[in-house]
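Working through the structure, step by step
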Amino acid sequence: LQNVPLFQELSQADLLGISPLFIEKKVKKGSILFLEGDAGEELFLIKSGVVKIYRLDEAKEIILALFRDGDFFGEMSLISAGLTRSATAETLEACTLYALKRTSFVQYMEKSPRLCLKLLETTMGRLRQANDQIYDLTFLGVRSRIIKTIIRLSEQHGIPAQDGLLINVKLTHQQLANMVGTVRESVTKVLQELQDDDLIQIDKKLITLKNVEAIKAEIR
Ligand code: CMP
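Read on for an overview of the structure. (Residues numbered from 1 in each chain as written. Predicted model: local features only at pLDDT ≥ 70, side-chain atom pairs only at ≥ 80, totals over all residues. Heavy atoms only, no water.)

Quick notes on the sheet that holds strand S6 (residues 72–73)
Ordered by their spatial adjacency, 4 strands build an open sheet running S1-S8-S3-S6, and the pairing between neighbours is antiparallel. Taken across any chain shown, the strands that pair with only one partner, and hence form the sheet edges, are strand S1 (23–27) and S6. Of the pairings in the sheet, the one linking strand S3 (residues 42–48) to S6 comprises 2 bridges and is antiparallel in character. Paired with phenylalanine 44 across the bridge in S6 is phenylalanine 73. Helix H3 (residues 102–111) rests against S3 and strand S8 (95–101) of the sheet, and its axis sits at about 70° to S8. (Pairing = 2+ DSSP bridges. Helix = DSSP H or I, 4+ residues; strand = E, 2+ residues; numbered from the N terminus. Contact = heavy atoms within 4.5 Å. Axes fitted to C-alpha atoms, helices over the stretch in contact; angles between N-to-C directions.)

Set out below in structure tokens:
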């Protein structure tokens, strides 16, 4: 737990107290962890793998966030008592998760102002990002939104690679479209243009940003 940012500020004694309360869950790729509207019973931490948070409108999907090792999710319905899951969570890869029951989570929040502050800090970061998405959807065109999305993905999931910064999550064009709020064809077109301009490289659904500054200059 010491490596999980949310728990970094906890005292050694609190860490030792809370660790046994987590239940390890191994889940296959494509498993639904909970559905929007479910009662929230647990907080989840990701030990390994990637989880997609999304909402559905009939057959269409909007992806709100992608979380990976070290991230937590499922806190909103635990904190807002009486409210249900605000979105659906599904594994994009096989995952190892740690689940913490609501009562244990709330008990530790009451005991630890540092844990509360850390939780707030992360939540504020997510709110900032949601504000950015509202701004982008309101003011930017599809091409710029696609470019901003791959830059954001490179910040959250990027690892240094030979040719640049590799987004370490395999995403289909449809999934990228569902993050941007557009159609698959637009993603295919813009990614092809960026490849033609030698700004990105795509290999087996993995995108590498070759020159982040030059890609940022494409946003307008
Ligand atoms: P909860 O509402 O319990 O279940 C869905 C979870 O998805 C939610 O808690 C948050 O952890 C996460 N979540 C919902 N909306 C967003 C968002 N806009 N950005 C990041 N995470 C979110």
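What about the site of the ligand?
Neighbouring the ligand are 14 residues, the closest being Gly74, Glu75, Ser77, Arg85 and Ser86. Contact between the ligand and glycine 74: an oxygen atom at 2.8 Å from a main-chain N or O atom of the residue. One nitrogen or oxygen atom from the side chain of arginine 85 is found 2.8 Å from an oxygen atom belonging to the ligand. Surface burial for the ligand is 90%, taken as the share of its 460 Å² of free accessible area covered by protein chains. Those elements that place two or more of their residues in the shell around the ligand are strand S5 (60–68) and helix H2 (76–79). Considering every element that reaches the shell around the ligand, the biggest residue donor is S5, with 3 residues. Classifying every residue of the shell around the ligand by side-chain character gives 8 nonpolar, 3 polar and 3 charged. (Near = heavy atom within 4 Å. Polar contact = N/O pair within 3.5 Å; in protein donor to acceptor, adjacent residues only side chain to side chain. Areas by Shrake-Rupley, 256 points an atom, 1.4 Å probe, with all protein chains shown as cover. Nonpolar A, V, L, I, M, F, W, Y, C, P; charged D, E, K, R; others polar.)

Points about the packing of aromatic side chains
Tallied over the entire structure, the rule returns 7 aromatic pairs. Taking 5.3 Å as the distance between ring centres and 15° as the angle between the ring planes, the aromatic pair formed by phenylalanine 44 and phenylalanine 73 counts as stacked. A residue pair is termed long-range when its members are at least 10 positions apart, and phenylalanine 44 in strand S3 and phenylalanine 73 in strand S6 qualify at 29 residues. For phenylalanine 44, a relative accessible area of 4% translates into the label buried. The ring of tyrosine 54 carries the charged tip of lysine 52 above its face, separated from the ring centre by 4.5 Å. Sitting over the ring of phenylalanine 34, arginine 85 keeps its end group 3.9 Å from the ring centre. (Phe/Tyr/Trp six-rings, centres within 6.5 Å; stacked < 30°, edge-to-face > 60°. Buried < 20%, exposed > 50% of the residue type's maximum accessible area, 1.4 Å probe, protein only. Lys NZ or Arg CZ within 6 Å of the ring centre and 35° of its normal.)

A few points about the packing of helix H6 (residues 173–180) against helix H7 (residues 184–196)
Where H6 meets H7, the axes come as close as 8 Å, and the angle between the chain directions of the two elements is 105°. In terms of their interaxial angle, H6 and H7 are classed as roughly perpendicular. Here His173, Gln174, Leu176 and Ala177 of H6 lie close against H7, whose contacting residues are Arg184, Val187, Thr188 and Leu191. Class assignment of the residues belonging to the contact of H6 with H7 gives a composition of 4 nonpolar, 3 polar and 1 charged. (Parallel < 35°, antiparallel > 145°, perpendicular 65-115°, else oblique.)

As for the pattern of salt bridges
On inspection of all chains with the given rule, the structure shows 15 salt bridges. Residue arginine 143 pairs with glutamate 218 through a salt bridge whose shortest N-O separation is 2.4 Å. A residue pair is termed long-range when its members are at least 10 positions apart, and arginine 143 in helix H5 (residues 142–157) and glutamate 218 in the segment after helix H8 (212–216) qualify at 75 residues. According to the relative accessible area criterion, arginine 143 is partly exposed, its value standing at 25%. Here aspartate 198 ties to lysine 210 by a salt bridge, and the two come within 2.7 Å at their closest N and O atoms. One end of the pair, aspartate 198, is in the loop between H7 and strand S11 (200–203); the other, lysine 210, is in the loop between strand S12 (206–209) and H8, and 12 residues separate them in sequence. With relative accessibility at 48%, the residue aspartate 198 sits in the partly exposed group. Under the relative-accessibility criterion, lysine 210 is labelled partly exposed at 31%. Counted as one network, the salt bridges with shared partners bring together Arg143, Lys189, Glu193, Glu218 and Arg220. (Salt bridge = Lys/Arg side-chain N within 4 Å of Asp/Glu carboxyl O.)

Keep in mind these numbers describe shape, not what the thing actually does.
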